[in-house]
Amino acid sequence: MKYSVLPILILFVLAMTQPVQSQTPTYQNPDAAIEDRVEDLLNRMTVYEKIGQMTQLNITTINPTGKQADVELVEEKARDLIGNHHIGSFLNGEAVPPEQWFRFTNQLTRLAMEESRLGIPIIYGIDHVHGANYLEGGTIFPHNINLGATFNPQHSYNTGWVTAYETADLGHHWNFAPILDIGVNPLWPRIYETFGEDPRLAARMGESYINGYQRNEEIEPYNVAATAKHFLGYSDPKSGWDRSPAYIPKQAIHEFHRPSFQAAVDAGIKTVMLNSGEINGIPVHGSYELVTELLRDEMGFDGVVVTDWADIEKLVDFHFISENFKEATFRSVMAGIDMSMTPLTLEFNEAMQALVDEGRITEDRIDESVRRILRLKFELGLFEHPYPSNERLNRIGTTESKVKALEAARESIVLLRNKNGVLPVLNPTRILVAGPSADSKRNLAGGWTLAWQGANEERYPDDMMTILDALRAEYPDADIEHVTKTPSQQQIDAADLIVYAGGEEPYTEFVGNISDLTLPQNQLDEISRLSESATPLVLVLVQGRPRLITSVEEKTDAILHAGLPGFQGANAIAEIISGAVNPSGKLPISYPESPSHFTPYNHKPSANYDFDEEDANQISQVSQPTSLYPFGHGLSYTTFTYSDLRLSKSFIGENGSLSASVAVTNAGNRAGMESVLWFITDHVGTITRPVEELAHFEKIALEPGETKRVQFEIQPSEQLSYPDRNGQPILEEGYFTVKVGELTKEFRLEKNKDD
Ligand code: GLC
């Protein structure tokens, strides 16, 4: 009997075409939907494993020496923390060579992926806040205060993009940047980390950074997460000291401190870090109102909220709102935090387990946070690509990236004063260079450079120039003399120019607290001494905050506000002094005139009444200058004139729009860039309105004699409404003034008008 092989053949074909019941868990299936993977994994986890995912520990808990700079792994330590305590995140370190970061991350990842029960990848957090500043050879951009001074979002985009480009391969998945606090208090030691005092400027610069960083398409197969920090109201401590109490009315929170974070949420920021301080007596880390009701419910953020450094512990020993760590854990988790940057102990894990055992924190509440954390890890592709790569280390510190940093530095330096056009200096024979920043690399870079405080001059790269080096390179035929002690009158008289580079040494956070904003007296004395001759004196301010120079301002011939221009900063300063670059920076902060009167440009009316004794009823409201140099001030080597301001209508309805345009002309004899800043004043508001507000800005380039018409659309919901104390928009009929350059025009908003 012939046996047909057909039935066997059919069975075989069927068997081969039926989907084999996958033994791969859903969470490990890259083709499964992220939400399904999250739920599948969550259901496999014990409570203690979940708590581990909510914990972030510092590198010092897994390295040999317990020192931040030690980017080496002690496997036993990591094996215990990951294997037994299921820690899901680590942070920090300092600038070490890329190969060292690669080795460290590779070891750490292998432990997590191969030696833990579920193989959940680590997410590594780090502070690359002005370029890859914790990576040896990384490109270091100007700090945000300088980026703000460019009024050019391209530069914050480039900063984010290059940072991702240089660090994503090394396992730096999570960058604690951009800082989106509003720089309204010049004493605050972190004002240089902000984009300045204006909410709209900070919003646009921050959004650009996030797009450059999170949407960098050349770091495949990796993805990275940015961090909007420090949510919110961190930057206006009443005393000016870091993390000291802030008293900010709710309405002001919405109007001035929320916009930059809202823009980040709208731009898809993946994580938020909380403000370490307190507002109106409530530490943010314990504020359900701010962390859940505002950030999540009102602003729509559903990503991961991480504490700042040891901020649960600070509720106990700094803010004194919790009697012990367990109560502080309860307070902050119920406020809405997802991850605790504990960062040095297992106290958070122990406290959470105890709170669960007591039934005070439910597994449902834990699942809320762990879902967000797992979702973040799935979105970053960490389950598929957990390991670092050392295949593209040649991306680090490329000439192209350094040029981006140089371009940002060039556009970030502000020419504050240029009496009689003393700058640029074309063919000097001899320049004296004095001051503490003359031959300093670290002063140019500021805090968060190579290490937390950025203070170790010896660590700075050999190829980085100081101002002295850069001037010598810029004027190869001139005698550039570095004077480290007061130069003789003969030296001074023999020079064509004196450059005094002053300002500040690096600092960040509370280390930079000061009680007097005045530039140190020894610098003021030296500047005065140097000003006594006929030799032109240029003051270069290399500083994180606007130190008071009022007493010497008129003794100088020119003043450059260099801020913290980064590793290419000296080059940019020298190019501006020589005229190779035409300065285009504008102040993103109000430069204070006196030691105890700090008023941002968009302040509420602070009238000064000036009246004649004899005729007391002749009271005239005199708006006195509230700063030495106002927000938006910045000179050029050419002259820009504004003319023909036009409004497309003299009134608009609440759903209408109005086009404002102005002609800008380069009336000088050299090309230049101009940031066109538009301001709007609301004449009358139920809640007092700022004397003026930045409504729009854009930067244009003009050849000599060239004119461009610049315009923008005024939309009531975008530029004319303002929030009430609950964050709800108020839009009121009435007159508004548009100002650009020195030109103004009025228009009226009429709510029931159609157009
Ligand atoms: C610091 C800073 C924060 C930083 C964090 C991790 O205390 O406040 O900006 O991201 O700790 O280093």
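Here is what the cut-offs are and how they apply
Residues numbered from 1 in each chain as written. Predicted model: local features only at pLDDT ≥ 70, side-chain atom pairs only at ≥ 80, totals over all residues. Heavy atoms only, no water. Buried < 20%, exposed > 50% of the residue type's maximum accessible area, 1.4 Å probe, protein only. Helix = DSSP H or I, 4+ residues; strand = E, 2+ residues; numbered from the N terminus. Pairing = 2+ DSSP bridges. Right-handed = clockwise from strand over helix to strand, strands pointing away. Domains from an automatic or database assignment. Contact = heavy atoms within 4.5 Å. Salt bridge = Lys/Arg side-chain N within 4 Å of Asp/Glu carboxyl O. Polar contact = N/O pair within 3.5 Å; in protein donor to acceptor, adjacent residues only side chain to side chain. Near = heavy atom within 4 Å. Areas by Shrake-Rupley, 256 points an atom, 1.4 Å probe, with all protein chains shown as cover. Nonpolar A, V, L, I, M, F, W, Y, C, P; charged D, E, K, R; others polar.

1. Some remarks on the pairing of strand E3 (residues 123-126)
- Of the two faces of E3, both are covered, the one formed by Ile123 and Gly125 as well as the one formed by Tyr124 and Ile126.
- Judged from the 3 bridges that link them, strand E2 (residues 89-91) and E3 form a sheet pairing that is parallel. Bridge pairing in E3 places serine 89 opposite isoleucine 123.
- The parallel pair E2 and E3, bridged by helix H5 (residues 98-114), forms a crossover whose chirality is right-handed.
- Both E3 and strand E4 (residues 174-175) contribute to a ladder of 2 bridges, which runs parallel. By the bridge assignment for E4, isoleucine 126 is matched with asparagine 175.

2. Details of the domain arrangement of the protein chain
- Here the domain parsing of the protein chain yields domain 1 (26-394), domain 2 (413-592) and domain 3 (638-749).
- A straight line from the C-alpha centre of domain 1 to that of domain 2 covers 35 Å.
- Contacts between domain 1 and domain 2 engage 34 residues on the former and 37 residues on the latter.
- The interface formed by domain 1 and domain 2 includes 2 salt bridges.
- In this structure, glutamate 509 engages arginine 243 in a salt bridge whose closest nitrogen and oxygen atoms are separated by 2.6 Å.
- In this structure, the connection of domain 1 to domain 2 is made through 26 residue pairs in polar contact (both at pLDDT 80 or more).

3. Observations concerning the site of the ligand
- Around the ligand, a shell composed of 14 residues is seen, among which Asp127, Arg190, Lys229, His230 and Asp308 lie nearest.
- Contacts to the ligand include asparagine 92, whose side-chain N or O atom sits 3.4 Å from an oxygen atom.
- A distance of 3.1 Å separates an oxygen atom of the ligand from a polar side-chain atom of glutamate 509.
- In the complex, 96% of the free accessible area of the ligand, which totals 310 Å², lies under the protein chains.
- Here the residues of the shell around the ligand sort into 6 nonpolar, 2 polar and 6 charged.

4. A short note on the pattern of salt bridges
- Within the structure shown, the criterion is met by 51 salt bridges.
- With a shortest N-O distance of 3.4 Å, aspartate 308 and arginine 243 are connected by a salt bridge. With aspartate 308 in the loop between strand E9 (304-306) and helix H12 (313-317) and arginine 243 in the loop between strand E5 (227-231) and helix H9 (250-257), the pair connects residues that are 65 residues apart, well separated along the chain.
- Residue lysine 326 is joined to glutamate 358 by a salt bridge in which the shortest nitrogen-to-oxygen separation is 2.4 Å. With a gap of 32 residues between them, lysine 326 in helix H13 (residues 325-335) and glutamate 358 in the loop between helix H14 (347-357) and helix H15 (363-379) connect regions that are remote in the sequence.

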